[in-house]
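# Commentary on secondary and tertiary structure
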Amino acid sequence: QRLRIDRARLTLHDVAVITRGPAESHDLWCDQTFLRQVADAINDEPGGVESRQTHFGPEIGVVKLARVDEGIVRADLHFHEPTPDAEYFLRLAGDDSEALGLSIRFDRDLAAEEEFTAAHTDPEAGDFRSPDVTNVENFPHVRLACLHACDIVEEPAANPCGLFSRRDSEPAWDDLFAFVVGATNKPPAGNPFGIDPRRFKEFAVNFLRRHRLTVGPKGTKRDVRTAAAPTDRRAAMLTRLRTVNADLQRRLTARELGARLPVLNPCRICRGRA
């Protein structure tokens, strides 16, 4: 309702960047202090904070003039050029403002978070008690170390912190990770979370191979040193181990019997014809 569109200047005014409340799926709480940190980080950049088309796309604009308004950080999104993508987002904002949102990329200030948690931990029970009465789950309060970007997503923030898309439900995550770990060969429909499932799977497979890791049912015992190796490599390795073991067994037997090992001569004597 607050979103204003200036097509001539390629600008979206009063775009919601982040909202006070829980960061779902992260078990973190975004309080008024964190909102102020995000707004200040945006305003500390004279040229604005970069904004990309999804977290993996090119930079197409910047976010400027942030302010905290009734528990929401709002800012102005300026597109660099009248590209087809910029025109698409401007049109989308006019047709369906609920289909546009921002997702921040940032580093957490873990030291400040731990200090805040320690200051609000019950000394007797040893439990953290949030000073925010609306934080009924007593999620830790997140703190900002560095703000990298305010990226554009085609669906509104999944949670008050704008970390995921609102329509990114738990089944969508299940479909993506089932494809990535090989539980199914069918990739999820569309492009969930702004991630190409095939690229994500390629990265995951390479990561597991580099670190000699595998994914399997809980409770199964597998040799992580060989499980990730191709079948032909495992077979060759087992053959070499059997050969070495046989040679060692032969030497031990000869030593116990006091016999001398025969000298292996690769040459073969052939009788010639007279």
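Before reading on, note that the structure itself is shown above.
To keep things clear, this report deals only with the structure shown in the data block.

Parameters and conventions
Residues numbered from 1 in each chain as written. Predicted model: local features only at pLDDT ≥ 70, side-chain atom pairs only at ≥ 80, totals over all residues. Heavy atoms only, no water. Helix = DSSP H or I, 4+ residues; strand = E, 2+ residues; numbered from the N terminus. Pairing = 2+ DSSP bridges. Axes fitted to C-alpha atoms, helices over the stretch in contact; angles between N-to-C directions. Salt bridge = Lys/Arg side-chain N within 4 Å of Asp/Glu carboxyl O. Buried < 20%, exposed > 50% of the residue type's maximum accessible area, 1.4 Å probe, protein only.

### Some points on unusual backbone geometry
The phi dihedral of Leu 10 is positive, around 50°, even though this residue is not glycine. Backbone geometry places Asn 138, a non-glycine residue, at a positive phi of 55°. Here Asn 138 lies in the loop between helix H3 (110-119) and strand E9 (144-153).

### Focus: the sheet that holds strand E2 (residues 11-19)
Taking strand neighbours across the sheet as the criterion, the five strands line up as E1-E2-E7-E6-E5 in an open arrangement whose pairing is antiparallel. With one partner strand each, in any of the chains shown, strand E1 (4-6) and strand E5 (49-52) form the two edges of the open sheet. Strand-to-strand twist across the sheet, computed as the mean angle between neighbouring axes with direction ignored, equals 40°. Bridge count between E1 and E2: three bridges; the pairing is antiparallel.

### Side note on the pattern of salt bridges
In this structure the tally under the stated criterion is 11 salt bridges. Close ionic contact of Asp 14 with Arg 67 constitutes a salt bridge, the shortest N to O distance being 2.2 Å. Here the residue Asp 14 occupies a position in strand E2, and Arg 67 occupies one in strand E6 (residues 59-69), the gap between them amounting to 53 residues. For Asp 14, a relative accessible area of 8% corresponds to the buried category.

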